[in-house]
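# Reading the structure
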Number of protein chains: 2
Amino acid sequence: MTTRLSDIADEAGVSVMTVSNVMNGKRARVSPATIEKVLGIAARLGYVPNIPARSLAANSSHIVAALVPVGENNSLLVSPHTVAVVGGMETHLRHHGYHVLLRGIEHEDQVAQTIRGWSLDGVVLVEFPDEQIDRLRVDTVPLVAIDSYSANPRTIGVRSDDHGGGRLAGRRLADAGHRSVLFAGPPYQGMGVVGQRWAGFREACLEAGLDPDGVGSVEVLTSFEDGRRLGLRLRRDHPGVTAVFATADHLAVGIMAGIVEAGGSVPGDVSVIGFDDLDFARYTTPGLTTIAQNMPAKVAEASRIILDEIERGAAAGDREPVALDVHLVERGSVGPPRE
Amino acid sequence: MTTRLSDIADEAGVSVMTVSNVMNGKRARVSPATIEKVLGIAARLGYVPNIPARSLAANSSHIVAALVPVGENNSLLVSPHTVAVVGGMETHLRHHGYHVLLRGIEHEDQVAQTIRGWSLDGVVLVEFPDEQIDRLRVDTVPLVAIDSYSANPRTIGVRSDDHGGGRLAGRRLADAGHRSVLFAGPPYQGMGVVGQRWAGFREACLEAGLDPDGVGSVEVLTSFEDGRRLGLRLRRDHPGVTAVFATADHLAVGIMAGIVEAGGSVPGDVSVIGFDDLDFARYTTPGLTTIAQNMPAKVAEASRIILDEIERGAAAGDREPVALDVHLVERGSVGPPRE
DNA sequence: CTGAAAGCGCTAACAG
DNA sequence: CTGTTAGCGCTTTCAG
């Protein structure tokens, strides 16, 4: 029914190992004539390697798993950001003969279990909180953690320059003349993505001469709805504020909508600046001024590291985390302060 | 190092087979006492089954692949729609012990190759053109094709009621008083998704008494930019048109932007209606009136079918394709015709 | 209810 | 450059 190595070997009059070597590109060990004959027969018979068999024998699956924590409803988080990461990695890895297993993680232990059970060759952690990454103990496999600032030496962090992004936003607002600004982001612990952005933002504002009291922050979940609610109550709860920096475009767009719904205007009454440069940032009126991440570079870097580590075999060695550049995209939601 | 079935068997003083049966829930064949003992040891030793070994022996991997065609740049298409499908399927399948392999397909033949090579248990085709699905010859595995209208009896189509969605849009515009409307969608062949929407749209418009000359169509790629360009030249190229139905929200939002950029207003000068109800449909000004697909239901249905077919073993049997309900979401981009 | 034998298709390691 | 020998860890089959 399906063609096996032994079928090809029989027909070519060589051993199974020779065929295996040919099929795996270890051609240094085989004569050109044999190679050609084997390849010809393989093509004619429509040989397709059996991945499970290879994985079992070689104890390596050529699979890289994209692990994503599941939310309360047990369903996968599928933010545009996650999507870009997973989709992009698949492309890169496929071109190098690797495959992507997409898996939601319900409990921390499943990370190690998945690695062992599947003989994974590499792992990409997407959207994992740093505290969880800190706790991971895995040393058999390269582990890239997207957007992680964890100090866990077993993992390699790949993220954008969040601190620099925060600075860009702060400087932009300060340069426009704002003296009372607000940072809006989700609750966080330690110096993760959100902490970095806030620190950079604050730093740039203070450098530009803003009074510390003029640089506030507020905790909001990262959704359009939560942003909208913040926008609605902004004037009442933060009467002096003339500009808001939101850690996510979804949030920023919601804030804009709330402000307008409450009778204000953007950027007339309040300026808004976001983070991510998602596609819809240009669909709003005005367009959303935002800090753009270089997603293709982030994905390429993560893939490169994974493949690299797989090559040189396990033991990550002390590889430095990677921070990708960010830049400001001007669209119209930032203007001078009101009055 | 890693725990195997034989380790547990040794310690429990039973055979490997008994342990295997316990681990696979075939507990009818094992005495309660043995079950408990085995389970206890397995838990203590941290047993994790080896998936490749199981796949090889059982010739079945518990893997369902999500296959997505790759574009020109060889990278995965990751529309919000695809994302919802793949993410949602992962959730459902995970709860039933299955895993998701995400794979970009560069060439048709890779579909069959992937199925064989991985001993896949099921396949979901996402965003495949019907012509390609027509050509597939696979009879070993359940094959669900999302949004397909292919008549290929080996595949089971799961899609929204596109014809009904088109009708809803047509009726809405006709009811608002429009007499000259335009359908905007990508080039298509046969009666696929786009063809269905167009047919439904046209049908509803004619039923409502519009003149056939008043129901036009134009080919545009499905992107914000292409929509914007259409919006910009709308007044010149289609001077009498007072409403546009776009087959995708991305496109619709672009059209709105183009119209406004050209000095017109929505819905003052031109009404716009979209399809999909993506998250950003509410971020625009005005919000986009659109036909909403029931994505959770679509995903649930696709998962249910796959699991069902896997259970009853191959041979799809003549299962009817599934069409999910759609509904109109009113947001403000549709109004009465100008003048 | 339990076990022994055989083998899934492939590759590592070494010998020639 | 090529072949042989041993499995990888699990399940299927059939016999107790």
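Just above sits the structure.
Everything quoted here is computed from the prediction, not taken from an experiment.

Residue and element names in this part refer to chain A. Interaxial distance between helix α5 (residues 80-94) and helix α12 (residues 295-311) falls to 9 Å at its minimum, and their mutual angle equals 50°. Classified by the angle between their axes, α5 and α12 sit oblique to one another. In this structure, α5 meets α12 at a crossing whose hand is right-handed. Taking contact as the criterion, the partners of H81, A84, V85, G88, M89, H92 and L93 in α5 are, on α12, M295, K298, V299, A300, A302, S303, I306 and L307. A per-class count over the contact of α5 with α12 returns 10 nonpolar, 4 polar and 1 charged.

In the vicinity of DNA strand D lie 26 residues, with A:S15, B:L5, B:M17, B:S20 and B:Y47 positioned nearest. At the protein interface, 68% of the atoms of DNA strand D within 4 Å belong to sugar or phosphate. The contact in question runs from a phosphate oxygen of DNA strand D to an N or O atom on the side chain of B:R4, over 3.5 Å. One nitrogen or oxygen atom from the side chain of B:S20 is found 2.5 Å from a phosphate oxygen belonging to DNA strand D. Elements represented by at least two residues in the surface near DNA strand D include exactly α2 (16-23) and α4 (51-58) of chain A together with α2 (16-23) and α4 (51-58) of chain B. By residue class, the composition of the surface near DNA strand D is 14 nonpolar, 8 polar and 4 charged.

The next subject is the pairing of strand β3 (residues 122-126) of chain B. Residues and elements named next belong to chain B. Here β3 lies mainly inside the structure; 5 of its 5 residues are buried. Here β3 shows a buried face lined by G122, V124 and V126 and a second buried face lined by V123 and L125. As paired elements, strand β1 (residues 63-69) and β3 share 4 bridges and run parallel to each other. Paired with V64 across the bridge in β3 is G122. Examined bridge by bridge, β3 and strand β4 (residues 143-146) share 4 bridges and lie parallel to one another. Looking across to β4, one finds that V126 is bridged to I146.

Residue and element names in this part refer to chain B. End to end, helix α5 (residues 80-94) covers 21 Å across 15 residues, agreeing with the expected 21 Å (1.5 Å per residue, within 8%). Within α5, 12 of the 15 residues are buried, which leaves it mostly tucked inside the rest of the structure. Looking only at α5, the buried set comprises H81, T82, V83, V85, V86, G87, G88, M89, E90, T91, L93 and R94.

Now for the sheet that holds strand β6 (residues 181-185) of chain B. Residue and element names in this part refer to chain B. Strand order in the open sheet formed by 6 strands is β7-β6-β8-β9-β10-β12, and the pairing between neighbours is mixed. Since the sheet does not close on itself, it has two edges, and those belong to β7 (215-219) and β12 (326-329), each with one partner. Averaged over all pairs of adjacent strands, the angle between strand axes in this sheet comes to 20°, irrespective of strand direction. Where strand β8 (residues 243-246) lies against strand β9 (residues 271-276), 3 bridges are found, and the strand directions are parallel. In the strand pairing of β9, A243 is matched with S271. Along the sheet, helix α11 (residues 249-261) contacts β6, β8, β9 and β10 (289-293); its crossing angle with β9, the most-contacted strand, is approximately 160°.

A separate point is the interface of chain B and chain A. Taken together, the 46 residues of chain B in the interface contact 46 residues of chain A. Both faces considered, chain B and chain A share a buried interface measuring about 4000 Å² in area, 65% of it formed by carbon and sulfur atoms. It is B:R116, B:W118 and B:Y283 that lose the most area in chain B upon contact with chain A, and together they represent 17% of the buried surface on that side. The interface formed by chain B and chain A holds 2 salt bridges in total. Note that B:R94 and A:E106 form a salt bridge whose closest N and O atoms lie 2.6 Å from each other.

With that settled, the discussion passes to the protein's contact with DNA strand C. The local shell around DNA strand C holds 25 residues, among which A:L5, A:S20, A:Y47, B:S15 and B:S31 are the closest. Among the atoms of DNA strand C lying within 4 Å of the protein, the sugar-phosphate backbone contributes 71%. Taking A:R54, its side chain carries an N or O atom lying 3.5 Å from a phosphate oxygen of DNA strand C. A distance of 3.4 Å separates a base oxygen of DNA strand C from a polar backbone atom of B:A57. Taken together, the elements giving at least two residues each to the surface near DNA strand C come down to α2 and α4 of chain A together with α2 and α4 of chain B. By residue number, the principal contributor to the surface near DNA strand C is α4(A), which donates 4 residues.

Looking now at the pattern of salt bridges. Following the criterion strictly, the structure yields 42 salt bridges over all chains and no others. When the shortest N-O distance is used, the salt bridge between A:E207 and A:R167 registers 3.0 Å. Taken together, the residues A:E207 in helix α9 (residues 193-207) and A:R167 in helix α8 (residues 162-175) connect sequence positions 40 residues apart. Note on A:R167: relative accessible area 18%, which makes it buried. Of the charged contacts, one joins B:R135 and B:E108 as a salt bridge, the two residues approaching to 2.2 Å between their closest N and O atoms. One end of the pair, B:R135, is in helix α7 (residues 130-135); the other, B:E108, is in the loop between β2 (99-105) and α6 (109-118), and 27 residues separate them in sequence. Among the residues examined, B:E108 registers a relative accessible area of 23% and is labelled partly exposed. The structure contains a network of salt bridges with shared partners spanning A:E225, A:D226, A:R228, A:R229 and A:E261.

Residues and elements named next belong to chain A. A cis amide bond links T285 to the next residue, P286, at an omega of -5°. One can find P286 in the loop between β9 (271-276) and β10 (289-293). A positive phi is found at N59, a non-glycine position, where the angle reads about 55°. Within the secondary structure layout, N59 lies in the loop between α4 and β1 (63-69).

Quick look at the sheet that holds strand β3 (residues 122-125) of chain A now. Spatially, the 12 strands line up as an open sheet ordered β11(A)-β5(A)-β4(A)-β3(A)-β1(A)-β2(A)-β2(B)-β1(B)-β3(B)-β4(B)-β5(B)-β11(B), and their pairing is mixed. The open sheet has two edge strands with one neighbour each: β11 (322-324) of chain A together with β11 (322-324) of chain B. Across this sheet, the average inter-strand angle for adjacent strands is 20°, counted without regard to direction. The strands touched by α5(A) are β1, β2 (99-105), β3 and β4 (143-146) of chain A together with β2 of chain B; relative to β2(B), the strand with the most contacts, the crossing angle is about 65°.

As a further point, take the packing of aromatic side chains. For the structure shown, the criterion picks out 14 aromatic pairs over all chains. Seen from their ring centres, A:F224 and B:Y283 are 4.4 Å apart, and the 20° between their planes marks the pair as stacked. Placement of the pair is A:F224 in helix α10 (residues 224-237) and B:Y283 in the loop between β9 and β10, with the two residues belonging to separate chains. On the basis of relative accessibility, which here comes to 9%, the residue A:F224 falls in the buried class. Looking at B:Y283, the relative accessible area reads 8%, which means it is buried. On the basis of an interplanar angle of 45° and a centroid distance of 5.2 Å, the ring pair of B:F183 and B:W198 is categorised as tilted. With a gap of 15 residues between them, B:F183 in strand β6 and B:W198 in helix α9 (residues 193-207) connect regions that are remote in the sequence. For B:F183, a relative accessible area of 3% translates into the label buried.

So, how was this worked out
Throughout, residues of each chain are indexed from 1 in the direction in which the sequence is written. Here every chain gets a letter starting at A, and every ligand a number starting at 1, in the order they are written. Local features are withheld for residues below a pLDDT of 70 in this predicted model, meaning they are given only at 70 or higher, and side-chain atom pairs are given and counted only at 80 or more; totals for whole chains, interfaces and linings count all residues. The basis for the side-chain values is all heavy atoms of the structure; hydrogens and waters are excluded. Only the contacting stretch of a helix is used when fitting its axis, a line to C-alpha atoms as for every element, and angles between N-to-C directions run 0 to 180 degrees. Where helices and strands are cited, they refer to DSSP runs of H or I of at least four residues and of E of at least two residues respectively, numbered from the N terminus. Working rule for angles: under 35 degrees goes down as roughly parallel, over 145 as roughly antiparallel, 65 to 115 as roughly perpendicular, anything else as oblique. Put simply, a crossing is left-handed when the front helix is turned counterclockwise from the back one by less than a right angle, and right-handed when it is turned clockwise. The criterion used for residue contact is that any of the two residues' heavy atoms lie within 4.5 Å. Ten residues, namely Ala, Val, Leu, Ile, Met, Phe, Trp, Tyr, Cys and Pro, are considered nonpolar, four, namely Asp, Glu, Lys and Arg, are considered charged, and the remaining ones, Gly among them, are considered polar. Residues are classed as near a molecule or strand on a simple rule: at least one heavy atom within 4 Å of it. Pairs of N or O atoms are called polar contacts if they sit within 3.5 Å, as long as, within protein, a hydrogen donor faces a hydrogen acceptor (for residues adjacent in sequence, only side-chain-to-side-chain pairs). Exposed residues in this analysis have more than 50% of their type's maximum accessible area, buried residues have under 20%, and partly exposed residues fall in between, with area computed by a 1.4 Å probe over protein chains only. Strands are labelled as partners when DSSP assigns at least two bridges between them. Between the first and last residue of a helix there are one fewer steps than residues, each counted as 1.5 Å, and that sum is the expected span. Buried area is calculated as the accessible area (1.4 Å probe) missing from two parts once they are joined, with the contributions of both summed. Whenever a carboxyl oxygen of Asp or Glu lies within 4 Å of a side-chain nitrogen of Lys or Arg, that contact is scored as a salt bridge. Only centres within 6.5 Å qualify two rings of Phe, Tyr or Trp (six-membered ring in Trp) as a pair; their planes then separate them into stacked at under 30 degrees, edge-to-face at over 60, and tilted for everything else.

On their own, these measurements won't tell you what the molecule is for.
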